[in-house]
Amino acid sequence: MKMQILSTLMVLSVSALLTACQTPDSAETAADPTAAETAESIPAQETAAETESTSAETAAEEETIPAVENMSFTVDITDNHAAGMGLVIGNTATKDNYCGMIEIHLDEALAEKAAQEIQIGKTYLFTVQPMMTMSIPPQVAALDFTPADDQEIAKLEEIRKTVSNYTECMETYQDMELEQIIQDANMNYALWTQEEIAEFTEFIAQKGYTDDFKVKSYVKIREELSGSIAGFSED
């Protein structure tokens, strides 16, 4: 009888020891043999599917997103603040991008070069980063610049022939005071051709404009540029 009781106690002790060594998961697995297979196989399949889907989406994005290219602007320089502010200002016109006054920001090395080489009243071809602010005038960051050749300047003038609003402006100016005319023209003349600018200067002279007029006109042909409404020239 004592031997039977001892044997029963030993069996219960071993059973308790084995139960204590199992984790909750392993205990459940022992109770349900299919649980381990379900717990291990399904998440693995889902993870593989998600990884494959993410990789496919990333690959698709890389294929469909085009590379962004730098922009270029041919600019008649009106202001050179390269030495003090790392900035030059001028007038430009492009076929597909922007037309009007533009501020070009330069890094330290490029600003040093611009301070020595860029002249007001001359035209330069700027390569800039593919970003432009929504300010007036818009601002861009230059990567490099070179003097514009005759072909590039001629192309600039051809573009201005297509984008110019000179005719519409002159129709409006017939019923405006000289002060208002000059203020409006200072904002628009960057789109005008050299011939139109020369015609405008004669028009305001006939209306009584002189260099000491209370509102300054910045509307001048390329060689006579000496500042802009966006910033006075340092020269």
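Residues numbered from 1 in each chain as written. Predicted model: local features only at pLDDT ≥ 70, side-chain atom pairs only at ≥ 80, totals over all residues. Heavy atoms only, no water.

K.L.:
Quick question: what am I supposed to make of the pattern of salt bridges here?
P.N.:
A side chain of one charge can pair with a side chain of the opposite charge when the charged atoms of the two come close. Applying the stated criterion across every chain yields a total of 7 salt bridges. Notably, a salt bridge pairs Glu-157 with Arg-222, separated by 3.2 Å at the nearest N-O pair. Here Glu-157 is found in helix H6 (residues 150–163), whereas its partner Arg-222 is found in the segment after helix H9 (194–206), with 65 residues between them in sequence. The residues Glu-157 and Arg-222 share a single accessibility class, namely buried. (Salt bridge = Lys/Arg side-chain N within 4 Å of Asp/Glu carboxyl O. Helix = DSSP H or I, 4+ residues; strand = E, 2+ residues; numbered from the N terminus. Buried < 20%, exposed > 50% of the residue type's maximum accessible area, 1.4 Å probe, protein only.)

K.L.:
How should helix H7 (residues 166–173) be read in this particular structure?
P.N.:
Each α-helix turn comprises 3.6 residues. Residues three or four places apart therefore point the same way. Regarding H7, the residues found buried are Tyr-166, Cys-169, Met-170 and Tyr-173. When H7 is viewed along its axis, its buried side chains cluster within an angular range of 100° and face the same direction. On its buried side, H7 packs onto helix H8 (178–188) and H9. (Arc of directions from axis to C-beta. Contact = heavy atoms within 4.5 Å.)

K.L.:
Even after reading the chapter, I still don't get the pairing of strand S3 (residues 99–105), so can you show me in this structure?
P.N.:
As a general feature of sheets, a regular strand has side chains that alternate between the two faces. Burial of S3 is extensive: 5 of the 7 residues sit out of reach of the surface. By the bridge criterion, 7 bridges tie strand S2 (residues 87–93) to S3 in an arrangement that is antiparallel. Bridging across to S3, Leu-87 finds its partner in His-105. Remark: 5 residues form the turn of the hairpin made by S2 and S3, two consecutive strands paired antiparallel. When S3 meets strand S5 (residues 139–147), the two strands line up parallel, connected through 3 bridges. Paired with His-105 across the two strands is Ala-141, which belongs to S5. (Pairing = 2+ DSSP bridges.)

K.L.:
For this particular structure, what's the right way to read the sheet that holds S3?
P.N.:
Two strands in a sheet stick together by hydrogen bonds in their backbones, pointing the same way (parallel) or opposite ways (antiparallel). Read around the closed barrel, the 5 strands follow the order S1-S2-S3-S5-S4; overall the barrel is mixed. Pairs of neighbouring strands in the sheet enclose a mean axial angle of 55°, with direction left out of account. (Axes fitted to C-alpha atoms, helices over the stretch in contact; angles between N-to-C directions.)

K.L.:
Sorry if this is basic, but what is going on with the pairing of strand S1 (residues 71–81) here?
P.N.:
In terms of residue burial, S1 counts as a mostly covered element, since 10 of its 11 residues are buried. One ladder, built from 6 bridges, connects S1 with strand S4 (residues 123–128); its direction is antiparallel. Note that in S4 the partner of Val-75 across the bridge is Tyr-124. In the sheet, S1 pairs with S2 via 6 bridges, with the strands oriented antiparallel. If you follow Ile-77 over to S2, its bridge partner there is Gly-90.

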